[in-house]
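Breakdown of the fold
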Amino acid sequence: MKGGKGEASYVNNSQAQAQHARSMLHLLRETLDGVRLQSPPDFPFVVADLGCSCGSNTIYMVDVIIQHMTKRYEAAGCDPPEFSAFFSDLPSNDFNTLFQLLPPYGGVSMEECLASNSHRSYFAAGVPGSFYYRLFPAKSVDVFYSAFSLHWLSQVPDVVLDKRSTAYNKGRIFIHGASESTATAYKKQFQSDLAGFLRSRSKEMKSGGSMFLVCLGRTCSDPTDQGGAGLLFGTHFQDAWDDLVQEGLITSEKRDNFNIPVYAPSLEDFKEVVEADGSFIVNKLEVFRGGSPLVVNHPDDAAEIGPRPGQQLS
């Protein structure tokens, strides 16, 4: 994601992710209700956001998790533990911008921190690295949260860019509408990546912990129909690349050497990998329809959404 705080930054262009994540808060709270409370809470309660990016969405969700767990401790007649939050993403993520958005840790007690809207009630740290590998010490994390990240693959499958392969995705930049061989290559990459993710988390999670995972998905069994992801990456992006080729700004070969490393799994795709790995039990697995990926403040403003045919920007 693009760092900084400029007009094109993730900070100022992540309304869709915020809207969709908040629409699933009731599901997140259901998951948190199943997390085992530490008794006595001798150690920090640890939350990790995997694929946190650099905007305020991750801070909001961590606050939701910690506030909910605090209420659970209080309802059980226990003093809340100290909380730690780890914000994790690839090393190229703009952690500097993220940490500038973090409110200061405040208050001499947990109660004072929770009562203050201008201070955070947890200790924070950044963890750079790919979540397809180990990131944390064994048995150290209570809750893993990840939203709109797991559909990103660790890489484009090599055979998709190999002209000698039947999976070569000539003329396309995405799996949507591609050949069966291309789709199979993308699916295998997704299976391998998710298996690595699950193996790593199974070692890092405390007993009684839980994960809440959200990613782009599809309802069709055919992986060449990527649903909403196909509309975004396989239509809009594809058209943009084709326009560049037709206008002579790039060569068709350069387009063919670029593919988007995204795979929107079906429920069955996801379930197969989880069951084959055997590290976790699925408590709930469902398709949540979050609406359009496009969220704008002024839908009739050509400067924001682009001009319609025959319309000019002033």
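The coordinates are above.
Throughout what follows, the structure given in this document is the object of discussion. (Residues numbered from 1 in each chain as written. Predicted model: local features only at pLDDT ≥ 70, side-chain atom pairs only at ≥ 80, totals over all residues. Heavy atoms only, no water.)

1. Some words on helix α9 (residues 267–277)
Selection rule: Only protein chains enter the area calculation, which uses a 1.4 Å probe; residues under 20% of their type maximum are buried, those over 50% are exposed, and those in between are partly exposed. The secondary structure listing takes helices from DSSP runs of H or I that are at least 4 residues long and strands from runs of E that are at least 2 residues long, numbered from the N terminus. The arc under discussion is defined with respect to the helix axis, by the directions toward the C-beta atoms. Pairs of residues are marked as contacts when any of their non-hydrogen atoms sit within 4.5 Å.
Burial in α9 covers these residues: Asp269, Phe270, Val273 and Val274. Each buried residue of α9 sits inside an arc of 125° when the element is viewed along its axis, so together they form one side. Among the exposed residues of α9, those pointing more than 90 degrees away from its buried face are Glu275 and Ala276. As for α9, its buried residues are in contact with α6 (180–204) and β5 (205–214). One or two steps after α9, the chain reaches glycine 278, where phi turns positive at roughly 80°.

2. Points about the packing of α6 against α9
Where we set the bar: As a rule, the C-alpha atoms of each element are fitted with a line to give its axis, helices using only the stretch in contact, and angles between N-to-C directions run from 0 to 180 degrees. Angles are sorted into four bins: roughly parallel if under 35 degrees, roughly antiparallel if over 145, roughly perpendicular if 65 to 115, and oblique for all others. Handedness of a crossing is defined here by the sense of rotation of the near helix relative to the far one, left-handed for an anticlockwise turn of less than a right angle and right-handed for a clockwise turn.
Two elements in contact, α6 and α9, have axes whose closest approach is 10 Å; the angle formed by their N-to-C orientations is 45°. Between α6 and α9, the interaxial angle falls into the category oblique. Between α6 and α9 the crossing geometry is right-handed. Contacts from Lys187, Phe190, Gln191, Leu194, Ala195, Leu198 and Arg199 in α6 reach Asp269, Phe270, Glu272, Val273, Val274 and Asp277 in α9.

3. Quick look at the packing of aromatic side chains
Basically, it comes down to this: Between the rings of Phe, Tyr and Trp (Trp by its six-membered ring), a pair exists once the centres lie within 6.5 Å; its type follows the angle of the planes, with under 30 degrees stacked, over 60 edge-to-face, and the other angles tilted. Put simply, a charge is over a ring when the Lys NZ or the Arg CZ is close to the ring centre, within 6 Å, and near the line of the ring normal, within 35 degrees.
Across all of its chains, the model carries 15 aromatic pairs by this definition. Judged by centre distance (4.5 Å) and plane angle (15°), the ring pair of tryptophan 241 and phenylalanine 258 falls under stacked. Taken as a pair, tryptophan 241 in helix α7 (residues 227–246) and phenylalanine 258 in the loop between α8 (252–256) and α9 lie far apart in primary sequence, 17 residues in all. Among the aromatic residues, those joined into a cluster by ring pairs are Trp152, Phe174, Tyr186, Phe233 and Phe237. Here arginine 120 stacks its cationic end above the ring of tyrosine 122, 5.9 Å away from the centre of that ring. Lying across the ring of phenylalanine 197, arginine 201 places its NZ or CZ 4.9 Å from the centre.

4. Brief notes about the sheet that holds strand β4 (residues 141–147)
Just so we agree on the cut-off: Whether two strands pair depends on DSSP finding at least two bridges between them.
Ordered by their spatial adjacency, five strands build an open sheet running β3-β2-β1-β4-β5, and the pairing between neighbours is parallel. Strand pairing shows two members of the sheet lacking a second neighbour, β3 (123–128) and β5, which therefore form its edges. Within the sheet, the average angular offset between the axes of one strand and its neighbour, ignoring direction, is 20°. Inspection of the sheet shows β4 paired to β5 by six bridges, in the parallel sense. Pairing of valine 141 across the sheet is with methionine 205, part of β5.

5. What about the pattern of salt bridges?
As a reminder of what qualifies: Salt bridges are defined as contacts in which a side-chain nitrogen from Lys or Arg sits within 4 Å of a carboxyl oxygen from Asp or Glu.
Overall, the coordinates contain 13 salt bridges when judged by the stated rule. As a salt-bridge pair, lysine 163 and glutamate 253 come within 3.3 Å of each other at their nearest N and O atoms. With a gap of 90 residues between them, lysine 163 in the loop between β4 and α6 and glutamate 253 in helix α8 connect regions that are remote in the sequence. Across the pair aspartate 269 and arginine 218 runs a salt bridge whose closest N-O atoms are separated by 2.9 Å. Residue aspartate 269 is found in helix α9, and its partner arginine 218 is found in the loop between β5 and α7; the two are separated by 51 residues along the sequence. By sharing partners, the salt bridges in this structure join Lys170, Asp242, Arg255 and Asp256 into a single network.

6. A few points about unusual backbone geometry
For serine 53, which is not a glycine, the phi torsion comes out positive at approximately 60°. Position of serine 53 relative to the elements: it lies in the loop between β1 (45–50) and α3 (57–75). You can call serine 53 buried: its relative accessible area is 5%. A positive phi angle is found at lysine 139, which is not glycine, with a value near 50°. Examined against the element boundaries, lysine 139 turns out to sit in the loop between β3 and β4. Judged by relative accessible area, which is 63%, lysine 139 ranks as exposed.

7. Regarding the nonpolar core
Cut-off, in case you're wondering: What we call a nonpolar core is a set of buried Ala, Val, Leu, Ile, Met, Phe, Trp, Tyr and Cys residues that are connected through their side-chain atoms within 4.5 Å.
If you look at the biggest cluster of nonpolar residues, it comprises 39 residues, and the most contacted ones within it are Leu50, Phe136, Phe144 and Phe197. Contributing elements (two or more residues each) for this core: β1, β4, α6, β5, α7 and α9. Element by element, the count of residues in this core is highest for α6, at eight residues. Setting aside anything within four residues of it in sequence, one finds leucine 50 in contact with Ser88, Phe131, Leu135, Phe136, Phe144, Tyr145, Ser146, Ala147, Ser149, Phe197 and Arg201. Among the nonpolar cores identified, the runner-up in size contains 32 residues, and Leu25, Leu28, Val62 and Ala85 belong to it.

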